[in-house]
4 protein chains.
Amino acid sequence: MPEATGVIGELVEANHILFDQGVVDGFGHVSVRHPHAEDRFLLARSVAPAMATADDIVEFDLDGNAIDGHGRTLYLERFIHSEIYRARPDVGAVVHSHSPAVVPFSVVSARPLRAVWHLGGVLGEGCPIFEIRSVAGAATDLLIRNAALGAALARSLGAESVVLMRGHGCTVVGSTLRQAVFNAVYTEISAVLQSEAMRLGTITYLTPEEAAAALACNAAQIDRSWELWRTRARRRLQPQA
Amino acid sequence: MPEATGVIGELVEANHILFDQGVVDGFGHVSVRHPHAEDRFLLARSVAPAMATADDIVEFDLDGNAIDGHGRTLYLERFIHSEIYRARPDVGAVVHSHSPAVVPFSVVSARPLRAVWHLGGVLGEGCPIFEIRSVAGAATDLLIRNAALGAALARSLGAESVVLMRGHGCTVVGSTLRQAVFNAVYTEISAVLQSEAMRLGTITYLTPEEAAAALACNAAQIDRSWELWRTRARRRLQPQA
Amino acid sequence: MPEATGVIGELVEANHILFDQGVVDGFGHVSVRHPHAEDRFLLARSVAPAMATADDIVEFDLDGNAIDGHGRTLYLERFIHSEIYRARPDVGAVVHSHSPAVVPFSVVSARPLRAVWHLGGVLGEGCPIFEIRSVAGAATDLLIRNAALGAALARSLGAESVVLMRGHGCTVVGSTLRQAVFNAVYTEISAVLQSEAMRLGTITYLTPEEAAAALACNAAQIDRSWELWRTRARRRLQPQA
Amino acid sequence: MPEATGVIGELVEANHILFDQGVVDGFGHVSVRHPHAEDRFLLARSVAPAMATADDIVEFDLDGNAIDGHGRTLYLERFIHSEIYRARPDVGAVVHSHSPAVVPFSVVSARPLRAVWHLGGVLGEGCPIFEIRSVAGAATDLLIRNAALGAALARSLGAESVVLMRGHGCTVVGSTLRQAVFNAVYTEISAVLQSEAMRLGTITYLTPEEAAAALACNAAQIDRSWELWRTRARRRLQPQA
């Protein structure tokens, strides 16, 4: 994959940033669509994101098959990525996580996660919740273990950027890798703020027009956060002298 | 700007402290009125505060025009600063942030943020909330993008030190740079404490006289916190050996 | 104990990980059944887990007697470990802690801690709570100071993996050391998530079948977290250069 | 003060530990009764506790006068210490702080802070709250600025170990320096746990007998925590290589 060198480096950074920003822990994963092949994507082997290096990045096709797996263990849930890339040509990157402030919203369907401030514009009028029981019954381990479940999740996501997964976490997309990471970080922060605001009283949410305008504005500001997050992650994850 | 060297160094420190104390993240900004020109102020170019250096500081006039921008990208919301300096001759520094514990109070108008303890004396009997819809309709991206919006925000601030911005964050002022930073840090902490106390039961708030006396007392104690915060920020932001 | 070298090294790591992940502070302890003697177990002398080294590990019999104590001070509550190993041949390791998000559930019996997400599968349909007053009256210091109290706690644990201890903390077991640590870490995280979700509204908990399936799935993923946690603990606990 | 060298070193450690454990920030202070003079005590000059060194320690008499002040600025609230030492011969050390989880309990009188777990045994059946308005009216800055206010606070403390101060913080005592620090740290943690438990439902608190037994037990365990806290504080406060 010589042509993918730059994107691999950025994908490794994305792994580290998502850990450092508290979106992923030992679990969760982030992928990017191959820059030169729309039907391929790049994703780490089964490894904690904070530990990922360039050597851990594997190329996949849209059936979730590893092109260059070399026998390495793969994420069980790679079908989250493959099926969203298949269903959504506009998507350039996918983050799956157990984002800690988001999980509670995934199990309380009466309280949609929605845009409460401008940096949560991506949440719009409320995120869909994927209920795996609706498609696979009430005895699964909740994981997206195959293409059929991945496709069902992608349908639940629809044209949105964030889908919650009941009792599990969420999946967040973006047109670029940096945008997907940005959306994932601010989905987590927004969930904290909304929980807190709900306890204070009745919330004035963003109007759909405000959320859309804020989302467009945020898209132009992503690099400023990326520079900061990259620097912080390097400092906190690099081995000490 | 040779005459402004000392203040530039302190402004860089203020940027780093506000990040280290959790008031700003990739976004937010802090300015100081020019020490030798009442109609000028100093503010970083568009950069994450934790990353700001002396070379990033730009001089502005009260119309929000950069004097020495040299083509650098500027904060979209510099009009927060310019219009508050215009309206409030007593203000020497301005902090704009998305202070995480404050945002929830900005979207629940029934629960004013007010002085619950002596270090929150600056909040007095309750902070005003700037509702951008009142002046620009319900389809903005919530940013203070021009002088008219800045002037409207300054009117909402009035003679107070803290104004909340609905679905966005807050703006905090002080007579000096250190005081503005102190006010911003303790506005964030006070919001945490008030949220928590509200959940316990009915709060005994400070009387207006207590808040005013505490505010006067705090003003004489700022350097003690500044020394601590500067040391902590240097330790945590400097590159590792 | 030359034959136990490997397990001692891992037990020291477990001590450090449990501190670094916020499960234990100055108090709490973790033990492992002796790999070559079913009626023996390994546990540190009375020391804060973060400070434990291989030299601090002591071998005990199932009456809680130190085999090689050499006069060192022992944990008062070593009977938690001895009596659970006696009662539960399937248990290979035991963690006792004052896990901060779990303690509140220990004092509110109306709100069982149970599986709210897949990584909390170990909590099943709700954890038992050990009420020491039931066996020792209402004037104890709440500690498991002798074999009789340890046996009573083991009865309360029954065939489960987690037992809460009223006004005290919890005890978590696993078939291996890594699994016990994994269960302890995710019991703490799950308590945070359940508390938060309860405040949002009515929760859709995992079904018993979902919890069991998730638990089985998690068991195969433990090493991924262990590698991460070990790396983080080493970085944060090792002396600085 | 050559005879006090050992205690001065430990007092400096206490300052650093209280910061590192989140009990104090730029404000708050800790004192110890002079080991060779019952009517004297040692307390830092006015400095952020994390920044204190042995050179900052000043000796005071029980009127709050500095014996060796050498013109250094003193804490305005040194009368908290002097009057408690005068009123309570059993007290060997005093911590005053704005302990963040305790402040909310200070402003909601309907919810006493009390022993919810064994490590909070020191809180007994509920802490008194000092209401400065009762003795000095409703227009003070809430500080204990003179001996009369210190004496009033000492009366409110009575024979207890913890007194909350409305809209301000708390003061915690111990028979030794290490015990006062231990009590202060676990008062903060206990407040977090009680707040959380209150939101879950009706709490089973410790009985008075349980609280007393737990308090006696904890007193014998303090050094284990102290060793840990000292090590952590040194690591996090020492200058980086």
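(A) Focus on the relation of the copies chain C and chain A. Overlaying chain C with chain A gives an RMSD of 0.0 Å, the required rotation being 90° about an axis along which the chain moves by 0.0 Å. Expressed as an axis order, the relation between the two copies is that of a four-fold axis. Both copies present different contact surfaces, since only 15% of the interface residues of chain C are interface residues in chain A too.

(B) Representation of the sheet that holds strand β3 (residues 57-61) of chain D. Residue and element names in this part refer to chain D. If you trace the seven strands from one edge of the open sheet to the other, you get β3-β2-β1-β4-β7-β6-β5, paired in mixed fashion. Only two strands of the sheet have a single partner each, and these edge strands are β3 and β5 (129-130). Of the pairings in the sheet, the one linking strand β4 (residues 93-97) to strand β7 (residues 169-174) comprises five bridges and is antiparallel in character. In the sheet register, Ala93 faces β7, and the bridge partner there is Gly174. Its contacts with the sheet put helix α6 (residues 177-200) on β1 (29-33), β4, β6 (162-165) and β7, and the angle it makes with β7 is roughly 145°.

(C) Representation of the relation of the copies chain D and chain B within the structure. The operation relating chain D to chain B is a screw motion whose rotation component is 90°, with 0.0 Å of axial translation and a residual RMSD of 0.0 Å. With a heterologous cut-off of 20% or less, the 12% of interface residues of chain D that recur at the interface of chain B puts this contact in the heterologous class.

(D) Region of the structure containing helix α7 (residues 208-219) of chain C. With twelve residues, α7(C) ought to run about 16 Å at 1.5 Å a step, and its terminal C-alpha atoms sit 17 Å apart, in line with that. Buried within α7(C) we find C:Glu210, C:Ala211, C:Ala214, C:Cys217 and C:Asn218. Each buried residue of α7(C) lies within a common arc of 130° when the element is viewed along its axis, so the set occupies one face. Where α7(C) is buried, its residues meet α4 (133-136) of chain A together with α6 (177-200) and α8 (222-237) of chain C.

(E) Structural context of the interface of chain C and chain A. At the interface, 34 residues of chain C touch 41 residues of chain A. Summed over both sides, the interface of chain C with chain A buries roughly 3,100 Å², with 59% coming from carbon and sulfur. A per-residue breakdown of the area chain C buries against chain A is headed by C:Leu200, C:Arg224 and C:Arg235, which together make up 25% of the total. A salt bridge links C:Glu210 to A:Arg133; the nearest nitrogen and oxygen atoms lie 2.9 Å apart. Run the count over chain C and chain A and you get 15 residue pairs in polar contact (both at pLDDT 80 or more). Here the residues of the side of chain C that touches chain A sort into 16 nonpolar, ten polar and eight charged.

(F) Summary view of the side chain of C:Ser97. All names here are of chain C. Checked against the element boundaries, Ser97 lands in strand β4 (residues 93-97). Among the polar contacts listed, one links the side chain of Ser97 to the backbone nitrogen of Ser99, at a separation of 3.2 Å. What Ser97 contacts, discounting residues up to four positions off in sequence, is Val23, Val24, Gly28, His168, Gly169 and Cys170.

(G) Local environment of unusual backbone geometry. Residue and element names in this part refer to chain A. In this structure, His70 is a non-glycine residue whose phi angle is positive, near 50°. Inspection of the secondary structure puts His70 in the loop between β3 (57-61) and α2 (78-87). Residue His70 is classed as exposed on the basis of its relative accessible area of 70%. Phi is positive for Leu142, which is not a glycine, with a value near 75°. The class of Leu142 is buried, set by a relative accessible area of 2%.

(H) Structural context of the pattern of salt bridges. One pass over the full model with this rule turns up 68 salt bridges over all chains. In this structure, C:Arg40 engages C:Glu59 in a salt bridge whose closest nitrogen and oxygen atoms are separated by 3.0 Å. Of this pair, C:Arg40 sits in strand β2 (residues 40-44) while C:Glu59 sits in strand β3 (residues 57-61), and the two are 19 residues apart along the sequence. The residue D:Arg178 makes a salt bridge to D:Asp223 at a minimum N-O spacing of 3.0 Å. One end of the pair, D:Arg178, is in helix α6; the other, D:Asp223, is in helix α8 (residues 222-237), with 45 residues separating them in the sequence. On the basis of relative accessibility, which here comes to 45%, the residue D:Asp223 falls in the partly exposed class. Several salt bridges share partner residues, and in doing so they unite A:Glu196, A:Arg199, B:Glu196, B:Arg199, C:Glu196, C:Arg199, D:Glu196 and D:Arg199 into one network.

(I) Local environment of the interface of chain D and chain B. Opposite the 40 residues of chain D that make contact, chain B presents 34 residues. Summed over both partners, the interface of chain D with chain B buries about 3,100 Å², with 59% contributed by carbon and sulfur atoms. Linking chain D to chain B there are three salt bridges. Secondary structure elements with two or more residues in the side of chain D that touches chain B: α3 (103-106), α6 and α8 of chain D. Here the side of chain D that touches chain B is built from residues that sort into 22 nonpolar, nine polar and nine charged.

So, how was this worked out
Residues numbered from 1 in each chain as written. Chains lettered and ligands numbered in written order. Predicted model: local features only at pLDDT ≥ 70, side-chain atom pairs only at ≥ 80, totals over all residues. Heavy atoms only, no water. Least-squares fit on C-alpha atoms with pLDDT ≥ 70 in both. Contact = heavy atoms within 4.5 Å. Pairing = 2+ DSSP bridges. Helix = DSSP H or I, 4+ residues; strand = E, 2+ residues; numbered from the N terminus. Axes fitted to C-alpha atoms, helices over the stretch in contact; angles between N-to-C directions. Expected span 1.5 Å × (residues − 1). Buried < 20%, exposed > 50% of the residue type's maximum accessible area, 1.4 Å probe, protein only. Arc of directions from axis to C-beta. Buried area = accessible area lost by both parts, 1.4 Å probe. Salt bridge = Lys/Arg side-chain N within 4 Å of Asp/Glu carboxyl O. Polar contact = N/O pair within 3.5 Å; in protein donor to acceptor, adjacent residues only side chain to side chain. Nonpolar A, V, L, I, M, F, W, Y, C, P; charged D, E, K, R; others polar.

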